[in-house]
Amino acid sequence: MTLLTTPLDGLHRELGAKMVPFAGYDMPVQYPMGIIKEHLQTRESAGLFDVSHMGQVLIEGQGAAAMLESLVPVDIESLGIDRQTYALLTNESGGVLDDLIITRWGEDQFFLVVNAACKAQDISHLQEHLTGQVMTVLPDQALLALQGPAAREVMKTLCPEAAQLVFLQGCHSTINGVEVYVTCSGYTGEDGYEISVPGAHADALARSILSFEQVEPIGLGARDSLRLEVGLCLYGHELSTTIDPVQAGLLWSISKARRADGERPGGFPGADIIFNHIENKPALRRVGLSVEGKRPVRDGQLVFNGDGEQVGQICSAGYGASIGRPIAMAYIKRELGEPGTALFVDVRGKQLPVTVTRMPFTPQRYYRG
Amino acid sequence: MSNVPSELKVASSHEWARLEEDGTVTVGITDHAQEALGDVVFVELPETGDTIAAGVEAGVVESVKAASDIYAPVGGEVIAVNEQLEDEPETVNSDPYNDGWFYKLQPSDITELDALLSPDDYQAKCAEEE
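Reference entry: report on the structure contained in this document. This structure is a prediction, so every number in the text was calculated from the model and none was measured. Starting afresh in each chain, residues are numbered from 1 along the sequence in its written order. Lettering of chains starts at A and numbering of ligands starts at 1, both following the order in which they are written. Reporting in this predicted model follows two pLDDT cut-offs: at least 70 for local features of residues, and 80 or more for side-chain atom pairs to be given and counted; totals over whole chains, interfaces and linings ignore these cut-offs and use all residues. Derived side-chain values reflect all non-hydrogen atoms in the structure, with water molecules and hydrogen atoms excluded from consideration.

Considering a negative patch on the surface
Residue and element names in this part refer to chain B. In this analysis, a patch consists of residues with relative accessible area above 30% that form no salt bridge, clustered at 9 Å for like charges and at 5 Å for the nonpolar side chains Val, Leu, Ile, Met, Phe, Trp and Tyr. Reported accessibility uses the Shrake-Rupley method at a 1.4 Å probe radius. Residues are deemed covered only where the shown protein chains occlude them. In what follows, salt bridge is the name for a side-chain nitrogen of Lys or Arg lying within 4 Å of a carboxyl oxygen of Asp or Glu. The sign given to each residue is positive for Lys and Arg and negative for Asp and Glu; His and the chain ends receive no count. Charge positions are represented by NZ for Lys, CZ for Arg, CG for Asp and CD for Glu. Residues E83, E86, D87, E88 and E90 make up a contiguous surface patch of negative charge. Working definition: helices are DSSP H or I runs of at least four residues, strands are E runs of at least two. Numbering for both runs from the N terminus. Here E88 lies in the loop between α2 (84-87) and α3 (91-94). Buried means the residue's accessible area, taken with a 1.4 Å probe over protein chains only, is under 20% of the maximum for its type, while exposed means over 50%, and partly exposed covers the values in between. Accessibility expressed as a relative area gives 36% for E88, which makes it partly exposed.

Considerations on the interface of chain B and chain A
Each partner contributes to the interface: chain B provides 17 residues, whereas chain A provides 14 residues. The term buried area means the drop in 1.4 Å probe accessible area that two parts suffer when joined, counted for both and summed. Across the chain B to chain A interface the summed buried area is about 1,300 Å²; carbon plus sulfur atoms make up 49%. Summed over the shared surface of chain B and chain A, the number is 4 salt bridges. K350 of chain A is the salt-bridge partner of E44 of chain B, the closest N and O atoms lying 3.2 Å from each other. Residue contacts are counted whenever heavy atoms from the two residues lie within 4.5 Å of one another.

Let's talk about the layout of surface pockets
Both cavities and pockets are sets of points on a 1 Å grid over the protein atoms alone; in a cavity a 1.4 Å probe fits but cannot get out, in a pocket the set is open with protein on both sides within 12 Å along at least five of seven lines, and lining residues sit with an atom within 4 Å of a point. Grid points are joined across faces, edges and corners, and a volume is the space filled by probe spheres set on the points. Taken as a whole, the second largest pocket encloses approximately 370 Å³ of empty space. Elements supplying a minimum of two residues to the lining of the second largest pocket: α2 (35-44) of chain A together with α1 (31-37) and α3 of chain B. Among the elements that make up the lining of the second largest pocket, the one with the highest residue count is α2 of chain A (3 residues). In terms of residue class, the lining of the second largest pocket is made up of 7 nonpolar, 7 polar and 5 charged. All amino acids are sorted into three groups, where Ala, Val, Leu, Ile, Met, Phe, Trp, Tyr, Cys and Pro are nonpolar, Asp, Glu, Lys and Arg are charged, and the leftover types, Gly among them, are polar.

Describing the pattern of salt bridges
Residue and element names in this part refer to chain A. Under the definition given, this model contains 21 salt bridges over all chains. For the salt bridge of R104 with E107, the shortest nitrogen-to-oxygen distance reads 3.6 Å. Given a relative accessible area of 2%, R104 falls into the buried group. Where E190 meets R365, a salt bridge forms, and the shortest distance between an N and an O atom there is 2.8 Å. Residue E190 is located in the loop between β11 (178-183) and β12 (192-198), and its partner R365 is located in the segment after β19 (350-357); the two are separated by 175 residues in the primary sequence. Accessibility expressed as a relative area gives 3% for E190, which makes it buried.

Concerning empty space enclosed by the protein
Residues and elements named next belong to chain A. Under the definition given, this model contains 3 cavities of 30 Å³ or more. Computed from the structure, the largest cavity encloses a volume of approximately 80 Å³. Elements that contribute at least two residues to the lining of the largest cavity include exactly β6 (96-106), β7 (109-114), β11 and β12. The space that makes up the second largest cavity amounts to roughly 40 Å³. Forming the walls of the second largest cavity are L8, L11, H12, L15, Y31, L48, F49, D50, L210 and P217. Secondary structure elements with two or more residues in the lining of the second largest cavity: α1 (9-14) and β3 (46-50). No other element matches β3, which puts 3 residues into the lining of the second largest cavity.

A short note on the nonpolar core
Generally speaking, nonpolar side chains in soluble globular proteins are found buried as a group. Take the buried Ala, Val, Leu, Ile, Met, Phe, Trp, Tyr and Cys residues and link them wherever side-chain atoms come within 4.5 Å; each set so joined is a nonpolar core. Membership of the largest hydrophobic core comes to 32 residues, with the highest contact counts inside it found for L146, M155, I175, V182, I209 and V215 of chain A. Counting only elements with at least two residues in this core, the list comes to β3, β9 (141-147), α5 (151-158), β10 (170-175), β11, β12 and α6 (199-210) of chain A. Beyond its immediate stretch of four places on either side in the chain, I209 of chain A contacts L48, L144, L146, L158, I195 and V215 of chain A. Residues A11, V25, V61 and V74 of chain B belong to the second largest nonpolar core, which totals 24 residues.

Spelled out as structure tokens, the structure:
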């Protein structure tokens, strides 16, 4: 299979990136700086990420909000113009097809950003269910994420209007004369932006952003460790068609208005099963695990209690560069989910002690005005 | 990739071996290997006093991305391990041929070194694989 490339492919290679296949795209996993330094760079100053592999979709038509509400357990009706929300596309069994960001561009116009790996499936799911809506996939649109405490300072020069945005707010604007849509969002736990820009202008914009001394290019490796450290879910790890939002600890993503006792209860796929889980607590829950010592744990490794019984499994693991030790997320039996609980992970036959830890491991630092 | 120092011999599994003047052999991993692994965060070494045979598993290198087994390039008794790697595993990335050494062996059969690759052959092999 030929890998797809993003409009920044040439730039990545010029910058000396190590390219790896990811969701059908040839993507930079790291630059010469290396994953740990790139992670720290983003927490301490700012990093530029190419996330153009993600899908960008526009949905327009009368009643688009109500139509979207039939697919996600979120209060879309009361979402303000240029405001965004995290949302889960649920399935009939209460599992998750994908997680996405929905931004309201107009009364009947919504801009969606979906995961690269789920893009094709999401698009057909939307096509099938959003009758009477015009759906436009924007394959020529690139997406750049500028993340970190210095991001706002950089944005003040690039696009003063966007420098005013608060978390989960967006604006149509121009940068260097090019029309863009900028949102104050991202997936690193830091203040920052995502910039949707026509692919033909993406390289020039990326170079312009990288010309600021506060900014370095950051690969997917650090993107993963950054999101893990702030306890954010990654589809295919913490989320899947067999994990429901309650189990995933994403009850907050089910709007009050859409819950069993809300104004517009249910009406999304799997609502009854999800309501049942809200009521009766699922058997498993997502927790953070702190690892003692330096030996890392890995995705898929099994978690045991002190009696040697298997009580869960790791769904994401990595090196928490900001806290200087390995960390993980796992699904474990609900009753063992209290912070401080001592457990063990089987690392190739060795029982490594771990402790259930409250997440995020490092604080999220979004700008809320 | 920096050149493999000419006095080393290299296993195709990317461990280098250096015959010291006192007849012991120092072992580490190549610059090519550390580069491919990425940031090293943990190294599991054999214990002093262990006897290991050429080609068997002699530890694990864990990078931010993955765990890789390391194999003994020659057999013998482990007489020292690099304890600095416990606190500063990143030394494997920054100085793979010197401060980033893994362990020292008293070789049981010095001729095993002859079965390893010369630096030139190793580099040619790496270039071929890329």
